[in-house]
Amino acid sequence: MEMLINIAAFMFVAATPLTLAAIGETVVERAGVLNLGVEGMMIMGAIVGFMVAVNSGSPVLGLVMAAAGGMGLSLIFAFVTQVALANQVASGLALTLFGLGLSALLGQGYQGVKPPAFPQGDIPLLADIPVLGPILFQQDPVVYLAIALTVAVFVFLRFSRAGLVLRAVGENHDAAHALGYKVVRIRIAAIAFGGACAGLGGAYISLIRVPQWTEGMTAGIGWIALALVVFGAWRPLLVGLGACIFGGIEAVQLNLQAAGVAIPVSLLAMSPYLITILVLVIMSAVRTGAPASLGRPFHASS
Amino acid sequence: MIRLEKRRMPSQVWTWAAPVVAVLATMVAGGAVFAALGKDPLVAIRTIFWDPLFSEFAFYYRPQLMIKGAPLVLIAIGLSLGFRAGIWNIGAEGQYIMGALAGAGVALAAYPLEAAWLFPAMVIAGALGGWAWAMIPGLLKVTLGTNEILVSLMLVYVAEKILAAMALGLMKNPDGFGFPGSRNLQQYPSATSWIDQAAGLHWGVAAAFIAVIAAYVLLSRHVLGFQIRLAGQAPRAARFAGVNTARLVLFCLGTSGALAGMAGLFEVAGPSGVVSIDFNAGYGFTAIIVAFLGRLHPLGILLAGGLMALTYVGGDMAQANLQLPKAAIQLFQGMMLFFLLAVDVFTNFRLRINLRGAA
Amino acid sequence: MKIAKLLATAAMVLGMATAAIAQDKTKVGFVYVGPVGDGGWTYEHDKARQAVVAKFGDKVETVFVESVPEGPDAERVMTQMALEGADLIFTTSFGYMDPTINVAAKFPKVKFEHATGYKRADNVSTYSARFYEGRAVQGHIAGKMTKSNIIGYIGSYPIPEVIQGINSAYIHAKKVNPNVQFKIVWAFTWFDPAKEADAAKVLIEQGADVILQHTDSTAPQAAAKAAGNVITFGQASDMSEYAPLPRVSSIIDNWAPYYIARVQAVMDGSWTSTDTWDGIGPGMVGIGEISDAVPADVKAEALAMADALAKGTYHPFTGPLNKQDGSVWLKAGEKADDGTLLGLNFYVEGIEGEIPK
């Protein structure tokens with residue numbers, strides 16, 4: 001029983017950076033842009049947040065600046081793809097390369113430095129509830145932020161007018177343009193939001209989950225976030241749920257190993273991706289899918 | 001008010017000038033980074049772009065450029081066919097791995113048999129491995145309409161896990177003291193892809209050149225090439241023209257998968273030699289960039305592959321000779337790609353500065 | 001073919017040229033598998049490089065390239081160093097084994113030193129460290145200090161070096177604490193801070209109050225610090241930034257004495273191809289400062305054991321020892337031979353679980 005509680009509590013920690021990055025990317029893709037540079041933006045957030053937190057002593061300021069750092073990097077992508085109309089797949093890959101290089105340069109001298117501790121976010125009273133308390137109410141504040149953000153993005157996309165416009169841009173940018181919406185501006189805003197979220201996710205790893213700075217420390221989490229967006233069928237709540245499943249698989253895997261249960265680690269490690277493909281197949285069979293304009297460049301005169 | 005205006009025809013001048021402008025811009029920006037790190041920017045840039053080609057030891061580096069560039073070109077050629085037709089295979093990395101595993105699997109199963117048929121059999125197995133891996137997104141797309149970008153990307157991760165499992169398990173070298181990694185195919189004469197190692201020539205290099213020529217002929221002379229271009233530029237018109245979309249999807253994905261698989265096989269049987277846990281060095285992803293840098297044109301891809309290889313080889317030289325950190329090289333490459341991708345806009349668009357609008 | 005000849009001639013000319021230059025300056029190359037800032041494996045190799053520079057000053061010139069993938073890139077980087085006149089090249093990862101042998105064949109005048117491999121040639125030496133000696137000391141401290149009797153172990157890949165470490169630590173923990181239990185998690189990576197931190201947290205949640213790691217980042221240290229009441233040991237580097245708690249001691253890969261000796265040998269012209277597998281004695285494996293969090297008597301015992309290991313009066317794998325399945329591995333007083341250790345692929349009796357296949 002205790003192990004189950006641990007797995008469940010742990011699941012949220014593993015899921016948080018994934019959720020943050022994936023929610024951001026969901027908005028980006030819903031606006032019709034495919035930014036494969038999530039890994040690069042995350043690692044930028046990780047180092048910027050770390051540097052600011054260490055130098056200012058404030059982890060909260062670190063998080064804020066991490067979001068700014070991720071956003072700053074994403075704006076390069078926004079310029080290249082939205083203004084200069086370069087291919088999004090290639091630009092996203094270049095962004096990852098760029099981010100990994102820049103973060104490693106910035107991070108020289110931060111190895112072995114300990115960041116200021118992040119305050120634990122136990123919620124009074126609720127934290128003492130048996131079972132649910134440790135799982136839900138003894139987490140750090142960023143976990144709650146990730147959950148809140150997921151819900152907020154869901155509400156934004158589903159119920160707000162701006163969300164409707166954003167989706168319209170993603171589904172058919174020509175029609176949206178004809179209706180007088182500023183396609184490029186909306187997309188740049190979405191890309192910036194995605195960058196900020198990815199930066200936050202990266203800083204969560206360097207400031208809370210590990211916490212330390214090491215070169216290349218995101219180690220592929222940004223790529224998993226990309227898979228997650230698909231897994232969640234571009235729907236924020238499902239993306240959040242997917243993050244819990246992905247994080248949960250990791251938690252279960254490690255816990256079973258530690259408990260001495262022989263498990264096929266490699267099979268389990270590839271299962272999220274196989275499940276994601278399965279989800280894609282099911283979705284396409286029932287004819288719902290990716291935003292129709294995903295990855296296609298837009299120019300007003302064309 | 002500054003805005004972009006679409007050109008009626010792609011600009012001839014910019015087609016040639018854009019890459020030059022981009023590389024020059026990279027040199028300026030990159031030089032600034034190097035200078036900030038306390039290195040002489042001119043020396044650094046000469047080391048990266050000039051020394052591999054013309055320095056004292058260029059006789060060694062030139063062949064190395066071919067070795068490094070060959071898989072990039074081979075994969076990018078395959079990808080470019082699909083990209084032209086609007087079919088997005090971004091899982092070449094996975095197909096590369098599966099090709100290497102299938103090809104190496106044949107060799108390791110046959111070990112230590114020496115036979116003339118072995119290497120051709122490995123090439124076929126490698127191509128089939130990559131082809132089969134690419135057929136998964138292909139078949140899903142034509143039967144169910146599943147997005148091939150995402151399926152092919154997911155399959156990269158799956159292939160990576162299979163690779164790790166193989167290197168640690170089934171393909172582990174029985175004489176390797178329990179260390180992960182397969183037997184070295186370089187020491188298995190029938191299975192090696194080397195033609196002349198000192199000249200940097202292996203079958204992968206040959207295949208890359210053949211692929212460039214074949215793609216050129218296909219795109220400019222063959223009806224299939226016409227269909228590919230039509231499907232990319234005007235999908236509706238393509239359907240009216242009787243293009244069988246499903247067949248085109250399968251052809252493009254299959255070809256790019258097979259070429260990526262072959263690239264993997266040539267690499268594992270030649271320069272690399274062993275199936276190891278992280279045998280894939282990102283060629284499949286870098287090739288996507290190469291395809292776009294080369295504007296999806298076979299000759300452009302050849303040049304772009306060479307340029308990428310140059311920054312890798314020259315970048316390592318700059319690390320050793322100038323003690324530049326690896327990160328600075330990565331940053332430099334990233335900048336170069338952005339510049340190349342961004343400047344390309346002038347080929348199809350012109351800047352219009354509308355003074356009256358501003359006033 | 002012509003080019004092959006050209007390369008051979010060039011190599012010969014260069015061999016002579018470097019011999020001539022060698023009189024005033026010895027050039028030493030280092031090929032690293034990770035970034036110099038990884039805080040573990042590559043970091044320590046680079047520290048040893050700096051020690052070489054500090055020792056020889058103007059008489060030596062060092063060059064290094066970091067994060068070199070194991071494969072054709074490594075071969076090119078080594079060739080480049082040899083062409084540019086390196087007299088001695090250290091290749092510091094197992095995966096560089098075949099590339100090192102290939103390049104060495106082309107440059108007979110250049111000396112190569114390959115870490116952790118088993119292939120040698122006239123101009124290729126191999127060297128590795130008996131990390132399991134350090135693990136014995138760790139196991140002793142861990143067995144004495146655990147209160148929950150659960151010791152967590154983060155493994156990288158199931159290869160002999162890692163299995164040696166697990167067995168050695170277990171044997172010596174068990175010796176001082178018969179109730180001790182090992183929980184082993186395989187991370188299937190050498191370096192992934194988030195995953196290593198996760199593994200440490202899971203082990204702690206399952207009751208471990210000692211974490212041993214055979215992965216290279218300091219993430220498990222950070223996780224243990226956050227959890228509190230857990231002790232850890234530095235891996236590869238001292239990781240002293242986490243002392244005195246959670247890090248109570250460490251196994252340090254100290255390559256400096258070896259690197260200095262080998263560079264000296266090249267300068268003297270006395271370099272020969274050797275196979276070195278050194279432990280605490282020659283200083284290749286260092287036991288990092290045992291912090292005050294360890295009780296004085298335990299610390300004294302640990303230091304005594306390290307001393308015995310250094311002198312060679314004690315071998316960590318001394319019988320009677322049984323394999324996991326209960327069959328006899330070593331009879332009373334018998335010591336494990338190096339051949340068995342180099343290919344070690346089984347747990348000793350008492351460790352639960354299976355080595356992943």
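The structure under discussion appears in the preceding block.
Here the structure is a predicted model, which is why all the values come from computation and not from measurement.

Student: What's the story with the nonpolar core in this structure? I'm lost.
Tutor: In summary, soluble globular proteins display a tendency toward joint burial of nonpolar side chains. If you look at the biggest cluster of nonpolar residues, it comprises 251 residues, and the most contacted ones within it are F49(B), I75(B), M122(B), L185(B) and I288(B). Residue contributions to this core peak at 14 residues, all from helix 1 (residues 2–30) of chain A. Mapping this core onto the domain boundaries places at least three of its residues in each of domain 1 (2–129) and domain 2 (131–253 + 285–307) of chain C. Excluding residues within four positions of it along the chain, F49(B) makes contact with V23(B), M27(B), L307(B), L310(B), T311(B), F332(B) and M336(B). In this structure, A129(C), I171(C), I251(C) and L321(C) belong to the second largest nonpolar core, which totals 81 residues.

Student: Quick question: what am I supposed to make of empty space enclosed by the protein here?
Tutor: One simple way to see leftover space: roll a probe sized like a water molecule over the atoms. All told, the structure shown has 5 cavities of 30 Å³ or more when counted by the stated rule. Taken as a whole, the second largest cavity spans an internal volume of roughly 80 Å³. Across the lining of the second largest cavity, the residue classes tally to 5 nonpolar, 2 polar and 4 charged.

Student: Help me out: how do you make sense of the sheet that holds strand 12 (residues 285–288) of chain C in this one?
Tutor: What links the strands of a sheet is backbone hydrogen bonding, and the strands pair in either a parallel or an antiparallel sense. All names here are of chain C. With mixed pairing, 6 strands are arranged side by side in an open sheet as 7-6-8-9-10-12. With one partner strand each, in any of the chains shown, strand 7 (181–186) and strand 12 form the two edges of the open sheet. Adjacent strand axes in the sheet meet at a mean angle of 15°, parallel and antiparallel pairs treated alike. Of the strands in this sheet, strand 6 (150–155), strand 7 and strand 8 (210–213) are in contact with helix 7 (residues 193–205), which crosses strand 6 at around 160°. Each of strand 6, strand 8, strand 9 (231–236) and strand 10 (247–253) is contacted by helix 8 (residues 219–227), which is oriented at about 165° to strand 9, the strand it contacts most.

Student: In this structure, what is going on with the interface of chain A and chain B? I would like to understand it.
Tutor: Much of the literature gives interface size as the accessible area that the parts lose upon coming together. Taken together, the contact between chain A and chain B spans 43 residues of the former and 40 residues of the latter. Approximately 3,600 Å² of surface area, both sides summed, lies buried where chain A meets chain B, with 84% of it carried by carbon and sulfur atoms. Here chain A is connected to chain B by 0 salt bridges. Between the two partners, chain A and chain B, sit 1 residue pair in polar contact (both at pLDDT 80 or more). Elements supplying a minimum of two residues to the side of chain A that touches chain B: helix 3 (59–83), helix 4 (88–106), helix 10 (221–231) and helix 12 (265–285) of chain A. Here the side of chain A that touches chain B gets 13 residues from one element, more than from any other, and that element is helix 4 of chain A.

Student: Can you walk me through unusual backbone geometry in this structure?
Tutor: Backbone geometry follows two general trends: most residues other than glycine have a negative phi, and most peptide bonds adopt the trans configuration. Residue and element names in this part refer to chain C. L245 connects to P246 through a cis peptide bond whose omega is 5°. Within the secondary structure, P246 sits in the loop between strand 9 and strand 10. Put simply, G319 and P320 share a cis peptide bond, and its omega is 5°. Mapped onto the fold, P320 is located in the loop between helix 10 (296–311) and strand 13 (321–322). The backbone phi angle of T116 is positive, close to 65°, even though this residue is not glycine. Within the fold, T116 resides in the loop between strand 4 (111–115) and strand 5 (124–129). Residue class for T116 comes out buried when judged on its relative accessible area of 11%. For N229, which is not a glycine, the phi torsion comes out positive at approximately 55°. By secondary structure assignment, the location of N229 is in the loop between helix 8 and strand 9. The exposure class of N229 is exposed, given its relative accessible area of 77%.

What counts and how
- Residues numbered from 1 in each chain as written.
- Chains lettered and ligands numbered in written order.
- Predicted model: local features only at pLDDT ≥ 70, side-chain atom pairs only at ≥ 80, totals over all residues.
- Heavy atoms only, no water.
- Core = buried A, V, L, I, M, F, W, Y, C linked by side-chain atoms within 4.5 Å.
- Buried < 20%, exposed > 50% of the residue type's maximum accessible area, 1.4 Å probe, protein only.
- Helix = DSSP H or I, 4+ residues; strand = E, 2+ residues; numbered from the N terminus.
- Domains from an automatic or database assignment.
- Contact = heavy atoms within 4.5 Å.
- 1 Å grid on protein atoms, 1.4 Å probe; cavity = no way out; pocket = protein on both sides within 12 Å on 5 of 7 lines; lining within 4 Å.
- Points joined across faces, edges and corners; volume = space filled by probe spheres on them.
- Nonpolar A, V, L, I, M, F, W, Y, C, P; charged D, E, K, R; others polar.
- Pairing = 2+ DSSP bridges.
- Axes fitted to C-alpha atoms, helices over the stretch in contact; angles between N-to-C directions.
- Buried area = accessible area lost by both parts, 1.4 Å probe.
- Salt bridge = Lys/Arg side-chain N within 4 Å of Asp/Glu carboxyl O.
- Polar contact = N/O pair within 3.5 Å; in protein donor to acceptor, adjacent residues only side chain to side chain.

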